[in-house]
Each structure stands twice: as C-alpha cells, then as structure tokens.
Amino acid sequence: MEEIRRSYSRLCKESGAEPQETVLQRLHEVPRGRLDLATQSLTADTCGALGKLLQKEAFVTELVLSDCMLSEEGAILLLQGLCANTVLQFLDLKGNNLRAAGAEALGRLLRQNKSIQSLTLEWNNLGTWEDAFATFCGALAANSTLRQLDLRNNQISHKGAEELALALKSNTSLQQLDLRWNNIGLLGGRALVSSLPSNRTLWRLELAGNNVPSDVLRAVEQAMDHNQDREATFRENQARARVLSKEVRHLQEEKSKQFLDLMETIDKQREELARSTRTSAARMGQLQEALNERQSIVNALKAKLQMAEAALALSEQKAQDLGELLATAEQEHRSLVQRQAKEHRLEQQEAAERESTLLRDLSAANEKNLVLRNQVDELERKVKSQQEQLFLTRQELTNTSAELKMRAIQAEERLELEKKRSRQSLEDSEHLRFKEVEHMTRHLEETERAMQERVQRLEAARLSLEEELSRVKAVALSERGQAEEELIKAKNQVRLEEQRLGHLEEKLRLLAQARDEAQGTCLQQRQTVAEAQARASQLGLQVEGLTRRLEELQQELRNKDQEKVAEVTRVRVELQEQNGRLQAELTAQEALREKVAALERQLKVIASDHREALLDRESENASLREKLRLKEAEMARIRDEEAQRASFLQNAVLAYVQGSPLRALSPQK
C-alpha cells in the first residue's frame, strides 16, 4: 500500500497539487483490492492523479466514489484514466451530480473499458440532457462486459427510456437494470417492453416509481420471468454440457492413455527387435570379417599355389625346351653320322645300331613325355574340377618327370660314351665338330642363362613361400647352401674338365648339374606346393566349417526373422484389434454424441415447448388472476351486501326487541 501512496503523492506533485490526507489514509487502508473514497470531497487535481494512478494500477478491483461531489472536470479526468484500466470490476459513482459531460465520459468508459461488470449511477442527473444520455446509451449498446447497471433517480424521461430500449436491443451482456424513481411514464415503459423480446440476457428490470401502468409492469415481469427461465434452462444445459464434456474428455483421456500404453509397448518391442537385429548384425559382421580373413588367407595361398604352378609350368617348359634341344642335337648327330657313313661304314653300322637303340630310347622317352603331357593335360583339367587330386597327380608328374630326366641323363651318358667312342674314329672331322661344338656351346650358354633365370625365379618363389613355410625355411636354406657348395665344386670340376676335355663336356656337365639343381628345386617346390595344398585343404575344411556355421547362423537369423515377422504380425493383429476396439469405442462415442445432440435437440424442443407452455400458463394465470380479482371484488361486494343486510337485520331485530312488551319483563344483563 505504501507504493500506491507514494505513486499518488508523486502524481499529485507532478500536477502541482498537494495530496489530500483523507485520500492517503484511505489508500493506506485498502482491504483486498477495494478502494472506498465515499463521502470524500475530491478536487479535480486529486481526480486527475487518481485517474493516472488507476490507469496502471492492477490491484484495485472495486472503486467506491459515492457522494464525493465530483466536478465535471474531475469526473472527466477520473473516467479518462479508468478507460485504460483492465482489472476494475465494480464502480460506484452514486450521488455525484453527473451531467452532460459526465454522461459523455461514461459513454467513452463503456466503449473502451473491457473489465467493469457493475456500475452504480444512482442520484445523478444523466437523463436531463438527452443528447449526452443518448451517447451513454449508444456506448451501453456496444459494451459486452457490463452485467449490472443502477440508474435510479437520474431524471430519465420517456425519450431516455426509448434510447435505453434501443441500447437493450443491441446489448448482449447486461443482466440487471435498475430504473426506479425516474420519469419514464407510459411511453418509456412501452418502449422498454418492446425491446425486451430482442434481449435474452436481462432478467431483472426495476421500474417502480416511474408512473408506469400496471399492465406494462406485468409485461415487464413476464418478460423478466421468461428470461430468468431461459437463463435457468441455459445454465442447466451448460451444466449438462459441461458434465457431458467432462465425461467425453475423461473417455478421451482414458483412450489416449490406453493408446499411449499401447504405443509404449510397441516402441519397447521395436527397440527389442532393433537391439536383437543389431546384435545379430554385429555377429554376422564378425563372422563375415572372420570369413573374409580366412578367404583372404585362402586367396593368398591360392595365389602362391598358382605362382608355384606357374613356376612348375615354366620348369616343364624348360624341360620341353631341353628335349627339343636334344632332338635337334640328335638330328645333327644323325646328319653327322650320314656324312661319315661313306668313310666309316663299319663304325656307321655300329653307330647306327647304337643310334637306333638311342632312338628307340628317345622315342620311348618322347612317347612317355607325350603320355606325361597328356597326363598333365588331364591333370590340369582335373585340377579345375577336383583340387583334391592335385597332390597325387603332381606326385605322379614329378615321378614321371624324374624318370624322364633320369632316362635323359642316361641317354646323355650313352651319348657321351658314343661320342668318346666316335671321337677316336672321327678325328678327321674334328674341325667340323669343333664348329658344331661351338654352336652347341652357344646354345648351352643360352640354356644355362635361361636356367639361371629360372633358378632366380624359383628362388623368388621360394622366398615368397618361405613366409608361409617357416619350418621349411631352415632346411631349404641349408639345402641351398649345400647346393651352392656343390655348384661351386661342380663348377671347379667343370673348369678342370674344360681344360682337359674341352668346352663341350664342360657345358654338358654344367647342364647336367643345372638339371639336377632344377630337379631338386622342383622337388622342393612340389613339396612346398604339396604342403600348401594340404594347408589349403585344411583351410578349405575350415572354410567349409565356417560356411556351415554361417549357414547355421543364417538359418538362426531366418528363424529369428520368422519369429520377428510372427511377433510383428501378432502385434499388428493386436493393434488392429485395439484399433477395432478403439473404432468401436469411437463409434460408441459418436453414437453418444449423436444421442447427446438428439438430447440437446430434445431439450431445445422441450425448452421451446416449455417456453410456449409457460407463456400459455402465464396467459392463463393472468386471465385466472383477472378472474380471481373479479371474483374477489364480487365476493367483497357480496360480503358488503351481506354485512349491510346483517346490520339491517340486526337493527330491525334490536328495534323489534326494544319495541316489544317482553323487554320490560326480561331481566337485565
């Protein structure tokens, strides 16, 4: 309250006036939003300060300014400040002698203020000035918040009543109107009665002391009773509608709760399904990664196996090249024998016999080589279809190639023996043979270079295979050292034999040593290939186990998917059932709504019938009252006549008794 007092004092000082002590005292004693300044003489400056204070003050809801003798200027300033107030509900301006300017200010207040519900204007002179009162009535017609209006003793004439009637036709909020002790008269009463059918909210209208006929008062009472009944039925309908709306909201809340519970269960099930799918996907990813790793290992081993096969194919190609070189050497030897046949027939026959034996051996070797080639082709075809038989076929290939090479070595040895034998007999043809030997040495050097390259390739393949064959590495290294030592020794021996026997024998022995070394490396590579194939078979078994495990997991995943699908279908069926139940309940609610609408229509019909019946009853009651009044008047007249007759009879009896002779004989009472 101190803040309100300080604000009031500040506003008074700003306007250049002194604050009134009585107002300060009343502001200090404001009880629960009620400011009572009744019977206080308020100046214009005080009214201006109060208007500015109440323009922003949100604490005062009831303002009493009765009998404050407000001036025109003070009333205008006060009401101008109240136009912007949004919390004031009750305003009492009784006995302030408000006139034209006050009526116009009140009109502005009613147009702009949207919070005042009760306005008391008793003992003012608003109706004296018709134009100003018409302005007030126009503002009342536009107002939508005022519920109670007191206009007693305001000198309202029949024209003012007509303006009020026009306002009541447009107003939709006013419920109580007090017009007692004015000058409305018959015309004003009829104007008010004519406006009442258009107004459905006014249920109390006081017209006593206005020289209004009784029939007009009865019509006003009937209209008020009708509006009261309408208000009562409207309130009952509102109460019923609120009850029905509460029930509908309760049902909707229950359905929404059920639906939310259902959605929560569905979300939980979906989360569980997502969690299970994530776990299964993670397991599948792990298994797939393990399978990919094993597959990469198998692919690496396959690549190494292919490299070994390629090296083996290269060695076989080199063997074929050596066979071709042998064939060319044999052809050259046959040509040389043919040339020397004329000179050395006997030696030629022996050489022919020996050559025929060698040719038979070579043809047998060639046939075996062809057979082996066919077998190799068959094995290659079988390798594509059956990798399990690769090891056996390669062993056979190695055995046959070893036999072939042994036979080739034996043939070479026989050839050397024949050459040694024929050297003695072919001393004359040394020059030609020297040329041929040089030619052969060149070929042998080329073959030696090719074999060295092949040895390097095989060494590279061996180095690549050493990564996977760590246990064989030491043995291979030791064998390699021994082979190198043997190679060095063989080279030393070859050099010594070169000095002794010549370039041809030296190159042939080097070729034989290279063949032996190539055969050893081929055997080692075949062993490594066999081990790699065994490991590949083991890995294949592991891959098969993993594939079986993967198939089992896929089967489990399919079973889980089927279970999920069954669960989802079950949940969908449940959802459909719940949706069906909800739809049924919604249809029931719609049926209830339709019933409510039908009941409301019935209520409206019943209300209209009730209104018509009430109107009929009211007319009947009015006619019965009139008849009752006539009967009462007639009964009163009859009573008067009977009383007169009784008095006449009594007088006659008394006169008779007084004039009769028996009165003298009767004892005195």
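All figures in this text were calculated on a predicted structure; none of them were measured in a lab.

1. Things to note about the overall build of the protein
A tally of helices and strands in the protein yields 15 helices and seven strands. Taken across its 669 residues, the protein has 34% of its residues classed as buried. The contacts of the protein with a sequence gap of at least 6 include a subset with a gap of at least 24, amounting to 81%. Per element, the accessible surface of the protein, about 41400 Å² overall, is 52% carbon and sulfur.

2. Remarks on unusual backbone geometry
With a phi close to 60°, W123 is a non-glycine residue in the positive phi region. Secondary-structure assignment places W123 in the loop between β4 (118-120) and α6 (130-142). Phi is positive for N153, which is not a glycine, with a value near 55°. Turning to its location among the elements, N153 is positioned in the loop between β5 (148-150) and α7 (158-170).

3. As for the pattern of salt bridges
The final tally for this structure, using the stated rule, is 14 salt bridges. In this structure, E62 and R34 form a salt bridge, with 3.2 Å as the shortest nitrogen-oxygen distance. With a gap of 28 residues between them, E62 in strand β2 (residues 62-64) and R34 in strand β1 (residues 34-36) connect regions that are remote in the sequence. A relative accessible area of 31% places R34 in the partly exposed class. Because the salt bridges share partners, they merge into one network encompassing K94, E122, D150, R152, D178 and R180.

4. Brief notes about helix α3 (residues 44-56)
With 13 residues, α3 extends 19 Å between its outermost C-alpha atoms, agreeing within 8% with the 18 Å of an ideal straight helix rising 1.5 Å per residue. The set of residues buried in α3 consists of A44, T46, C47, G48, A49, L50, G51, L53 and L54. Its buried side turned inward, α3 meets α1 (2-14), α2 (21-28), β2 and α4 (72-82).

5. Looking at the environment of R111
One can find R111 in helix α5 (residues 100-112). A residue is classified by how much of its surface remains accessible, and R111, at 46% relative accessible area, is partly exposed. For the pair R111 and L140, spaced 29 residues apart in sequence, the C-alpha to C-alpha distance is 7.5 Å.

6. Regarding the sheet that holds β2
With parallel pairing, the seven strands of this open sheet are ordered in space as β1-β2-β3-β4-β5-β6-β7. Of all strands in the sheet, those with a lone pairing partner are β1 and β7 (204-206), marking the two edges. Recorded for the sheet is a direction-independent mean angle of 0° between the axes of neighbouring strands. Two strands pair when backbone bridges link them, and β2 and strand β3 (residues 90-92) are joined in this way by three bridges, in the parallel orientation. Bridged to L63 within β3 is L91.

7. Notes on the nonpolar core
In this structure, L91, L121, L149, L151 and L179 are the most contacted members of the largest nonpolar core, which totals 68 residues. In terms of residue count, α6 provides more of this core than any other element does, seven residues in total. Leaving out residues up to four positions away in the same chain, L149 has contacts with L119, L121, F136, L140, L174, Q176, L177 and D178.

8. Side note on the side chain of K255
Among the secondary structure elements, K255 is positioned in helix α9 (residues 214-341). K255 gets classed as buried once you look at its relative accessible area, which sits at 17%. Among residues more than four places away in sequence, those in contact with K255 are L582, E585 and Q589.

9. Describing a nonpolar patch on the surface
The grouping of L649, V653, Y656 and V657 at the surface amounts to a nonpolar patch, some 420 Å² of accessible area in total. Mapped onto the elements of the fold, L649 is located in helix α14 (residues 503-659). Exposure remark for L649: the relative accessible area of 56% places this residue in the exposed category.

10. Remarks on the packing of α7 against helix α8 (residues 185-195)
Pairs of packed helices are described in terms of their axes, by the angle between the two and the distance that separates them. In the contact formed by α7 and α8, the axes pass within 8 Å of each other and the chain directions differ by 5°. Regarding the angle of α7 to α8, the classification is roughly parallel. Contacts from H158, A161, E162, L164, A165, L168 and K169 of α7 reach α8 at L187, G188, A191, L192, S194 and S195. Residue composition of the contact of α7 with α8, by class: seven nonpolar, four polar and two charged.

11. Examining the confidence of the model for the protein
Averaged over all residues, the pLDDT of the protein is 81; the fraction at 70 or higher stands at 89%. In this model, residues 661-669 is a region of pLDDT below 50 whose contacts with residues beyond four sequence positions or in other chains number two contacts.

12. Quick look at α2
Listed as buried for α2 are V23, L24 and L27. Down the axis, α2 shows its buried residues gathered within 100° of arc, on one side only. Looking at the buried side of α2, the elements it contacts are α1, β1 and α3.

13. Quick word on the side chain of R230
Mapped onto the fold, R230 is located in helix α9. Look at R230: it is buried, it has no salt bridge, and the nearest opposite charge is E231 at 7.9 Å. What R230 contacts, discounting residues up to four positions off in sequence, is N199, R200 and R611.

14. Regarding the packing of α5 against α6
Remark: α5 packs on α6, axes separated minimally by 8 Å, with the N-to-C direction vectors making an angle of 10°. Here α5 is positioned roughly parallel relative to α6, judged by the angle of their axes. Here α5 contributes A100, A103, E104, L106, G107, L110 and R111 to the contact with α6, which in turn contributes A132, F133, F136, G138, A139, L140 and A142. For the contact of α5 with α6, the per-class residue count stands at ten nonpolar, two polar and two charged.

15. Focus on the state of the cysteines
Going through the model one piece at a time under the given rule, you end up with zero disulfides. This cysteine, C47, is not joined by any disulfide, and C68 carries the nearest cysteine sulfur, 7.8 Å off.

16. So, the environment of I184
Looking at the element boundaries, I184 is found in the loop between β6 (176-178) and α8. Sequence separation between I184 and N211 is 27 residues; the distance between their C-alpha atoms is 7.0 Å. Setting aside anything within four residues of it in sequence, one finds I184 in contact with I156, S157, H158, A161, L179, G189, L192, L207 and N210.

Scoring rules and cut-offs
Residues numbered from 1 in each chain as written. Predicted model: local features only at pLDDT ≥ 70, side-chain atom pairs only at ≥ 80, totals over all residues. Heavy atoms only, no water. Helix = DSSP H or I, 4+ residues; strand = E, 2+ residues; numbered from the N terminus. Buried < 20%, exposed > 50% of the residue type's maximum accessible area, 1.4 Å probe, protein only. Contact = heavy atoms within 4.5 Å. Areas by Shrake-Rupley, 256 points an atom, 1.4 Å probe, with all protein chains shown as cover. Salt bridge = Lys/Arg side-chain N within 4 Å of Asp/Glu carboxyl O. Expected span 1.5 Å × (residues − 1). Pairing = 2+ DSSP bridges. Axes fitted to C-alpha atoms, helices over the stretch in contact; angles between N-to-C directions. Core = buried A, V, L, I, M, F, W, Y, C linked by side-chain atoms within 4.5 Å. Patch = residues over 30% accessible without salt bridge, like charges linked within 9 Å, V, L, I, M, F, W, Y side chains within 5 Å. Parallel < 35°, antiparallel > 145°, perpendicular 65-115°, else oblique. Nonpolar A, V, L, I, M, F, W, Y, C, P; charged D, E, K, R; others polar. pLDDT = per-residue confidence, 0-100. Arc of directions from axis to C-beta. Lys, Arg positive; Asp, Glu negative; His and termini not counted. Disulfide = S-S within 2.5 Å.

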